Amino acid sequence: MCIRDRLIAIEKLRGQEYLSGDHTLKILSGPGIEVYPKYTAYEYYDLGMRKEFSEPAKFGIAQLDNILGGGLPRNTITLLSGNSGTGKTILSLIFLLNGVKNGESGVYVTLESDIQKVTALMLSLGIDLMELTSKGLALLSIDPNFLDINELTLLILETLKETNASRFVLDGFRVLELFYEPAEINNFIHSLAKIIHSNLLTSIITREIPEVVGTLRFTEAGISYNFDNIVLLRFLEKKQKILKTIAVVKMVKHCFDPTIYEYVIVPNKIIEIMGPVV
């Protein structure tokens, strides 16, 4: 057994199976030591009985749901990529809020902001998130300076189980790419996808695209193949104006509209699809 950089790994254990990989070791005042198993340990984690839905997971925005072929396919993981300021956080929260309005609990985890900023953002658009926390919406903020991928996984799973959520959002995935190597990121998202699929969850992971123009990369680690669906938000310069656009790049299970659409973010209506970009 060896301990390094507050990680613990079992190198050999005679006579019984063990979980390989680096596990997080935290030294605490009081309880002494806590160990968080490597995230791969949770690939078949049972969150309990989950309701199966026959209808897609809708956003509640008619034009957007139509573009998606009725909504996001159930039991899938969606990558929502976009430039900073295109509304990734807003759109992902709308997804959760529409679920709450229809009796589905949802969990929102942000790695880039704090809950106070997120609630202020949505309040400026006419939505009081704190009011909805008593109706099935859980809001969590993780400080990236203290981010640990194993502890993060367990926190997400415990919250999903506690709330019996059927919808889940991880906002700010690019933060993980800054802290971990591409191979680690690939393994993590692969494990997370297994958890989502085996527990009948419908999930969105948001990721900022730094490139406004030029070559497009959905993720730094090249892991977009792990996602069932990909939705792209991007700026477009047209007639001396900067437009926001949305396009569905990939979707499993049902057909979708591949057209690039312009959209705007406005109070009360939140997101309004304006029509195809021509």
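Computed from a prediction, not measured in an experiment: that's the story for all the values here. (Residues numbered from 1 in each chain as written. Predicted model: local features only at pLDDT ≥ 70, side-chain atom pairs only at ≥ 80, totals over all residues. Heavy atoms only, no water.)

1. So, the sheet that holds strand β9 (residues 202–208)
Alright, step 1. Read across the sheet, nine strands follow the order β7-β6-β8-β9-β5-β10-β11-β12-β13 without closing on themselves; strand pairing throughout is mixed. The sheet is open, and its two borders are formed by β7 (137–141) and β13 (270–276), each paired with just one other strand. Between one strand axis and the next, the sheet turns through 25 degrees on average, direction left out of account.
Alright, step 2. Of the strand pairs in this sheet, strand β5 (residues 77–82) and β9 are connected by six bridges, and their pairing is parallel. The partner of Leu79 across the bridge, within β9, is Ile205. (Pairing = 2+ DSSP bridges. Helix = DSSP H or I, 4+ residues; strand = E, 2+ residues; numbered from the N terminus. Axes fitted to C-alpha atoms, helices over the stretch in contact; angles between N-to-C directions.)

2. Here's the deal with empty space enclosed by the protein
Alright, step 1. Scanning the model with the defined rule gives two cavities of 30 Å³ or more in all.
Alright, step 2. Taken as a whole, the largest cavity holds about 50 Å³ of empty space.
Alright, step 3. Here the residues of the lining of the largest cavity sort into eight nonpolar, one polar and no charged.
Alright, step 4. As for the second largest cavity, its lining consists of Leu64, Leu91, Leu233, Ile246, Tyr263, Ile271 and Ile273.
Alright, step 5. Across the lining of the second largest cavity, the residue classes break down as seven nonpolar, no polar and no charged. (1 Å grid on protein atoms, 1.4 Å probe; cavity = no way out; pocket = protein on both sides within 12 Å on 5 of 7 lines; lining within 4 Å. Points joined across faces, edges and corners; volume = space filled by probe spheres on them. Nonpolar A, V, L, I, M, F, W, Y, C, P; charged D, E, K, R; others polar.)

3. Regarding helix α2 (residues 88–101)
Alright, step 1. When the terminal C-alpha atoms of α2 are compared, their 20 Å separation across 14 residues agrees well with the 20 Å that a helix rising 1.5 Å per residue should span.
Alright, step 2. With 13 of 14 residues buried, α2 is to be regarded as a mostly interior element.
Alright, step 3. Following α2 by one or two positions, Gly103 adopts a phi angle in the positive range, close to 85 degrees. (Expected span 1.5 Å × (residues − 1). Buried < 20%, exposed > 50% of the residue type's maximum accessible area, 1.4 Å probe, protein only.)

4. Re the confidence of the model for the protein
Alright, step 1. Averaged over all residues, the pLDDT of the protein equals 87, while 93% of them reach at least 70.
Alright, step 2. Scored below 50 in pLDDT, residues 1–5 shows 12 contacts in the model against residues more than four places distant or in partner chains. (pLDDT = per-residue confidence, 0-100. Contact = heavy atoms within 4.5 Å.)

5. Regarding the environment of Ile195
Alright, step 1. On the secondary structure map, Ile195 appears in helix α7 (residues 182–198).
Alright, step 2. Classification of Ile195 as buried rests on a relative accessible area of 2%.
Alright, step 3. Sequence separation between Ile195 and Glu43 is 152 residues; the distance between their C-alpha atoms is 5.2 Å.
Alright, step 4. Residues within four places of Ile195 in sequence aside, it is in contact with Tyr42, Glu43, Thr153 and Leu157.

6. Structural notes on unusual backbone geometry
Alright, step 1. In this structure, Leu200 takes a positive phi of about 60 degrees despite not being glycine.
Alright, step 2. Inspection of the secondary structure assignment puts Leu200 in the loop between α7 and β9.
Alright, step 3. Looking at Leu200, the relative accessible area reads 27%, which means it is partly exposed.
Alright, step 4. Here Lys239, not a glycine, exhibits a phi torsion of approximately 50 degrees, which is positive.

7. As for helix α5 (residues 149–163)
Each α-helix winds once per 3.6 residues, and so residues spaced three or four apart point in a common direction.
Alright, step 1. Between its first and last C-alpha atoms α5 spans 21 Å; for 15 residues at 1.5 Å apiece the expected length is 21 Å, and the two agree.
Alright, step 2. Of the positions making up α5, those classed as buried are Ile149, Asn150, Leu152, Thr153, Leu154, Ile156, Leu157, Thr159 and Leu160.
Alright, step 3. Near the N-terminus of α5, the side chain that reaches the backbone nitrogen of Asn150, with its oxygen 3.1 Å away, is that of Asp148.
Alright, step 4. Looking at the residues trailing α5, positive phi occurs at Asn164, about 55 degrees. (Polar contact = N/O pair within 3.5 Å; in protein donor to acceptor, adjacent residues only side chain to side chain.)

8. A look at the packing of aromatic side chains
Alright, step 1. Scanning the model with the defined rule gives three aromatic pairs in all.
Alright, step 2. When the ring of Tyr42 is compared with that of Tyr45, the centres are 5.9 Å apart and the planes differ by 65 degrees; the resulting orientation is edge-to-face.
Alright, step 3. Given the relative accessible area of 22%, Tyr45 is considered partly exposed.
Alright, step 4. Judged by centre distance (5.2 Å) and plane angle (50 degrees), the rings of Phe59 and Phe95 are tilted. One end of the pair, Phe59, is in the loop between β4 (32–36) and α1 (62–67); the other, Phe95, is in helix α2, and 36 residues separate them in sequence. Per residue, the accessibility class of Phe59 equals that of Phe95, and both read buried.
Alright, step 5. In this structure, Arg74 is placed above the aromatic ring of Phe53, and the distance from its NZ or CZ to the ring centre is 4.0 Å.
Alright, step 6. If you follow Arg167 out to its NZ or CZ, it ends over the ring of Phe95, 4.5 Å from the centre. (Phe/Tyr/Trp six-rings, centres within 6.5 Å; stacked < 30°, edge-to-face > 60°. Lys NZ or Arg CZ within 6 Å of the ring centre and 35° of its normal.)

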